[in-house]
Amino acid sequence: SAAAHTVKLEWDASLGSIEGYEVYRGEQSGGPYTKLTPSPIDKLEYSDTDVIPGHSYFYVVTSVNHGGHQSGYSSQISVTIPTP
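The rules behind these values
- Residues numbered from 1 in each chain as written.
- Predicted model: local features only at pLDDT ≥ 70, side-chain atom pairs only at ≥ 80, totals over all residues.
- Heavy atoms only, no water.
- Core = buried A, V, L, I, M, F, W, Y, C linked by side-chain atoms within 4.5 Å.
- Buried < 20%, exposed > 50% of the residue type's maximum accessible area, 1.4 Å probe, protein only.
- Helix = DSSP H or I, 4+ residues; strand = E, 2+ residues; numbered from the N terminus.
- Contact = heavy atoms within 4.5 Å.
- Phe/Tyr/Trp six-rings, centres within 6.5 Å; stacked < 30°, edge-to-face > 60°.
- Polar contact = N/O pair within 3.5 Å; in protein donor to acceptor, adjacent residues only side chain to side chain.
- Salt bridge = Lys/Arg side-chain N within 4 Å of Asp/Glu carboxyl O.

Things to note about the nonpolar core
Counting 12 residues, the largest nonpolar core is built from V7, L9, W11, Y21, V23, I41, Y46, V51, Y57, Y59, V61 and I81. At the level of secondary structure, the elements contributing two or more residues to this core comprise β1 (7-10), β2 (18-26) and β5 (56-65). Per-element tally for this core: the top contributor is β5, with 3 residues. Every residue in contact with V23, bar those within four places of it in the chain, is listed here: L9, W11, T34, K35, L36, T37, I41, Y46, V60 and V61.

Right, dumping it as structure tokens:
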């Protein structure tokens, strides 16, 4: 059985009054991205356990304020999951 991998993302808090953060993942640089969080999360970290060895993933985060307005995407980071 393949070893399970987890991608742990961490980011800095946004300035201002923030309700939470949305995490997105894509399989190509620049998107398209799929939202991983069903609703805004109030933590500054997220663990993605649904990853496949040998694949590369691209992550961005947005912040959501109390009015429901969402920021633009953060800088993208890329992660390649090692193969067993």
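Things to note about the packing of aromatic side chains
Given two aromatic rings, one states the distance between the centres and the angle between the planes to describe the pair. Overall, the coordinates contain 3 aromatic pairs when judged by the stated rule. Residues Y33 and Y73 carry aromatic rings whose centres are separated by 5.0 Å and whose planes lie at 75° to one another, so their mutual orientation is edge-to-face. With Y33 in strand β3 (residues 33-35) and Y73 in the loop between β5 and β6 (77-80), the pair connects residues that are 40 residues apart, well separated along the chain. By relative accessible area, Y33 is classed as buried at 17%.

A short note on the side chain of T62
Residue placement: T62 occurs in strand β5. At a separation of 2.6 Å, a polar atom in the side chain of T62 contacts the side chain of Q70. Contacts of T62, omitting those with residues within four sequence positions, involve G20, Y21, E22, Y24, Q70, S71, G72 and Y73.

A look at the pattern of salt bridges
Summed over the entire model, instances satisfying the criterion amount to 4 salt bridges. Between E10 and K8 there is a salt bridge, with the nearest N and O atoms lying 3.7 Å from each other. Overall, the relative accessible area of 58% leaves E10 in the exposed class. Note on K8: relative accessible area 51%, which makes it exposed. In this structure, the salt-bridge partner of K35 is E22, at a minimum N-O distance of 3.6 Å. Of this pair, K35 sits in strand β3 while E22 sits in strand β2; the two residues are 13 residues apart in sequence, bridging distant segments of the chain. Taking the relative accessible area as the measure of exposure, K35 reaches 39% and is therefore partly exposed. On the basis of relative accessible area, E22 is assigned to the buried category, the value being 6%. Shared partners join several salt bridges into a network, and the residues in it are K8, E10 and E45.

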